[in-house]
Amino acid sequence: MNVLVIGSGGREHAVVKKLKESPRCGKIWCAPGNGGIAADAECVAIGAMDIEGVVRFAKENPVDLVFVAPDDPLGAGMVDALEAAGIRAFGPRKNAAIIEASKVFSKDLMKKYGIPTAAYETFDDPAKAVAYIEENNKFPIVVKADGLALGKGVLIAEDLAAAKEAVKTIMEDKAFGASGNRVVVEEFMTGPEVTVLSFADGKTVVPMVSSMDHKRALDGDKGLNTGGMGTVSPNPHYTEAVAKVCMETIFLPTIRAMQAEGRPFAGCLYFGLMLTPDGPKVVEYNCRFGDPETQVVLPRLETDFLDVIDACIDGTLDTLDIRWKKDAAACVILASGGYPGSYKKGLPISGLDENGGAAGVTVYHAGTKLENGQYLTNGGRVLGLTATAETLAEALEKAYKAAENITFEGAHYRRDIGARALAAN
Ligand code: AMP
Ligand code: GLY
């Protein structure tokens, strides 16, 4: 089976490397890919949002399957366009991708079907949002832009002044563009966060092994929110008892709700959960694999990835036995100096071998390019240094060893990835 993977980050590199393990996998292309992905797949210069370009390439080449990894093309209907052209595609259609693309949609879905989540109200008028916040008078309070905002559209306000500022930033200054035409104002929840990615085929949902993201830029969960600075799997807070509650109150009800709404979800459904004192609640849904959660979850998948993908597309997940490795996994992100703010690009990376790898770890390239045999930085998150081992402590040790050896000017990484998980173990 020849596969075209859409996207250019560390997640896509992990998808490509996992596909390569499948004895059923033939040629792999990646559009647009990056410097490191080029060692594992043929990169083609088509942007991830170029729906027409992707459909054309898939028609003109012997592509058997297109794996659409990022949220933007899913939200824009890339899978619908591929299917309309008779091309097999992995990922939700546009009418199901809305579960991530609109927070108003996902919150209303949870309310309608009794799925536990933070109490909330939605507004399209900033004055009404502020009036509600004043009346509610509980802080902190969370203000979220309705639409996609590169993971930055969530503002946590400690007091009324900050909440007013948040509403202004999103709805009037339009910091996230049209994504801020509507806002969700919701209750602040507390408790450990857990990511559970799941495979879905429209009617069956199969959770993958759990993981823990580290979203803030600096040690001790300080600094700005980022796309994710590191991950570990499994997440020790996600016990078997918690998993059972999540299955019954969140995973199954969500997949059934989407089916009942005439929006069957097929692909990877991402559950961002908070284990609150009142039980597990949904923080957010994503319509795709997480980045960098994928980098610690997919390496643990034992079953042939292509078999699972086929089952998601063909609606046969209920007949498949999906197996996982017992090993723990850790991923440490090496980021550009300044990220998630502005940063330099084009800096030479040292410590990688000629294939962009390093001994003892799997290096997933996120923001790199290859020029004259030299890997250069080309994004905010540059590399994901990933290791698996019998214990999380050993996996972290291996990943951090690589983080010491691989470097570039201004490189930074968190030193405490997995520290909380180790303490909770
Ligand atoms: P999101 O983009 O919705 O995942 O939000 C980003 C981060 O903001 C989450 O990972 C949480 O840490 C935090 N967050 C979002 N919503 C809430 C909430 N209602 N209560 C507390 N923290 C939240
Ligand atoms: N790591 C969080 C996300 O992929 O949205």
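Whatever comes next refers back to the structure up there.
Residues numbered from 1 in each chain as written. Chains lettered and ligands numbered in written order. Predicted model: local features only at pLDDT ≥ 70, side-chain atom pairs only at ≥ 80, totals over all residues. Heavy atoms only, no water.

Undergrad: Outline the overall build of the protein, listing residues and values.
TA: Per the secondary structure count, the protein includes 13 helices and 21 strands. Counting every position in the protein, which comprises 425 residues, the buried fraction comes to 56%. When contacts within the protein are restricted to residue pairs at least 6 apart in sequence, those whose partners lie at least 24 apart make up 68%. Accessible surface, the protein as shown: approximately 17,200 Å² in total, 49% of it carbon and sulfur. The protein carries 45 positive and 56 negative side-chain charges, and their two centres are separated by 1 Å. (Helix = DSSP H or I, 4+ residues; strand = E, 2+ residues; numbered from the N terminus. Buried < 20%, exposed > 50% of the residue type's maximum accessible area, 1.4 Å probe, protein only. Contact = heavy atoms within 4.5 Å. Areas by Shrake-Rupley, 256 points an atom, 1.4 Å probe, with all protein chains shown as cover. Lys, Arg positive; Asp, Glu negative; His and termini not counted. Charge placed at Lys NZ, Arg CZ, Asp CG, Glu CD.)

Undergrad: Break down the sheet that holds strand β14 (residues 230-233) for me, with residues and values.
TA: Here eight strands make up an open sheet; going across it, the order is β16-β15-β10-β11-β14-β17-β21-β18 and the pairing antiparallel. The open sheet has two edge strands with one neighbour each: β16 (279-286) and β18 (362-365). Direction aside, the axes of adjacent strands within the sheet are offset by 30 degrees on average. Here five bridges tie strand β10 (residues 193-201) to strand β11 (residues 205-213), and the two strands are oriented antiparallel to one another. Residue pairing across strands places S198 opposite P207, the latter belonging to β11. (Pairing = 2+ DSSP bridges. Axes fitted to C-alpha atoms, helices over the stretch in contact; angles between N-to-C directions.)

Undergrad: Requested: an account of the site of ligand 1, with residues and values cited.
TA: The environment of ligand 1 is formed by 14 residues, the closest being E186, E187, M189, E193 and E284. Between E187 and ligand 1, the recorded distance is 2.9 Å, taken from a backbone N or O atom to a nitrogen atom. The side chain of E284 places a nitrogen or oxygen atom 2.8 Å from an oxygen atom of ligand 1. Compared with its free state, where it exposes 470 Å², ligand 1 has 91% of that area covered by protein. For the shell around ligand 1, the elements supplying multiple residues, two or more each, are β7 (141-145), β9 (183-187) and β16. Looking at the shell around ligand 1, its residues break down into seven nonpolar, no polar and seven charged. (Near = heavy atom within 4 Å. Polar contact = N/O pair within 3.5 Å; in protein donor to acceptor, adjacent residues only side chain to side chain. Nonpolar A, V, L, I, M, F, W, Y, C, P; charged D, E, K, R; others polar.)

Undergrad: Explain the site of ligand 2 residue by residue, including any values.
TA: Close to ligand 2 lie D213, G227, Y270, N286, R288, G290, D291, P292 and E293, which account for all nearby residues. The contact in question runs from a nitrogen atom of ligand 2 to an N or O atom on the backbone of G227, over 3.2 Å. Here a nitrogen atom of ligand 2 sits 2.8 Å away from a polar atom, N or O, in the side chain of E293. Contact with the protein chains hides 90% of the accessible area of ligand 2, taken as 200 Å² for the molecule alone. Residues that form the shell around ligand 2 fall into these classes: two nonpolar, three polar and four charged.

Undergrad: Account for helix α2 (residues 51-60), naming residues and giving values.
TA: Turning to α2, its buried residues number three or more, namely I51, G53, V54, V55, F57 and A58. Buried residues belonging to α2 abut β1 (3-7), β2 (28-32), β4 (65-68) and α4 (78-84).

Undergrad: Give me the pattern of salt bridges: which residues, what numbers.
TA: Side chains that differ in charge, positive against negative, can pair when their charged atoms come close. Under the criterion given, the structure shown has 31 salt bridges. Its salt-bridge partner being D221, residue R420 comes within 3.1 Å of it at the nearest N-O pair. With R420 in helix α13 (residues 419-424) and D221 in the loop between β12 (216-218) and β13 (222-225), this residue pair connects regions lying 199 residues apart in the sequence. The exposure class assigned to R420 is exposed, which follows from its relative accessible area of 56%. Looking at D221, the relative accessible area reads 29%, which means it is partly exposed. Look at the salt bridges and you will find they share partners, linking R24, R88, D307, D310 and D314 into a network. (Salt bridge = Lys/Arg side-chain N within 4 Å of Asp/Glu carboxyl O.)

Undergrad: Explain unusual backbone geometry to me, using residue names and the numbers behind them.
TA: Of note, the amide linkage connecting F139 to P140 takes the cis form, showing an omega dihedral of -5 degrees. The step from Y339 to P340 runs through a cis peptide bond, and the omega angle for that step is 10 degrees. Take P340: it is sitting in the loop between β17 (328-335) and β18. Despite not being glycine, N137 shows a phi value in the positive range, around 50 degrees. Within the secondary structure, N137 sits in the loop between α7 (126-136) and β7. Positive phi, close to 55 degrees, is recorded for K174, a residue that is not glycine. With respect to the helices, strands and loops of the structure, K174 is situated in the loop between α8 (160-172) and β9.

Undergrad: How would you explain the nonpolar core if you had to name every residue and give the values?
TA: Formed by 47 residues in total, the largest nonpolar core has its most connected members in L4, V66, L82, I99, F251 and F271. Judged by nonpolar contacts, the second largest core, of 38 residues, contains M208, V209, C268 and C312. (Core = buried A, V, L, I, M, F, W, Y, C linked by side-chain atoms within 4.5 Å.)

Undergrad: Any details on the packing of aromatic side chains? Residues and values, ideally.
TA: All told, the structure shown has twelve aromatic pairs when counted by the stated rule. Look at F67 and F305: their rings are 6.0 Å apart centre to centre, the planes differ by 55 degrees, and that puts the pair in the tilted class. Of this pair, F67 sits in strand β4 while F305 sits in helix α11 (residues 305-314), and the two are 238 residues apart along the sequence. For F67, a relative accessible area of 0% corresponds to the buried category. Among the residues examined, F305 registers a relative accessible area of 1% and is labelled buried. Following the ring pairs from residue to residue traces out a cluster consisting of F67, F90, F199, F289 and F305. The lysine or arginine in question, R288, covers the ring of Y270, its NZ or CZ lying 5.9 Å from the ring centre. If you follow R415 out to its NZ or CZ, it ends over the ring of Y413, 4.1 Å from the centre. (Phe/Tyr/Trp six-rings, centres within 6.5 Å; stacked < 30°, edge-to-face > 60°. Lys NZ or Arg CZ within 6 Å of the ring centre and 35° of its normal.)

Undergrad: An account of helix α6 (residues 103-113) is requested, with residue identities and associated values reported.
TA: Residues that lie three or four places apart on an α-helix share one face, since the helix turns once every 3.6 residues. Here α6 has its buried residues at K103, V104, F105, S106, K107, L109 and M110. Two or three places before V104, at the start of α6, stands the capping residue S102, its side-chain oxygen 3.4 Å from that residue's backbone nitrogen. Just past α6, the residue G114 takes up positive phi, approximately 65 degrees.

Undergrad: An account of the environment of D72 is requested, with residue identities and associated values reported.
TA: With respect to the element layout, D72 can be found in helix α3 (residues 71-75). Considering only alpha carbons, one finds D72 and A101, 29 residues apart in sequence, at a separation of 8.2 Å. Each residue touching D72, except ones within four places of it in the same chain, is listed here: M49 and L148.

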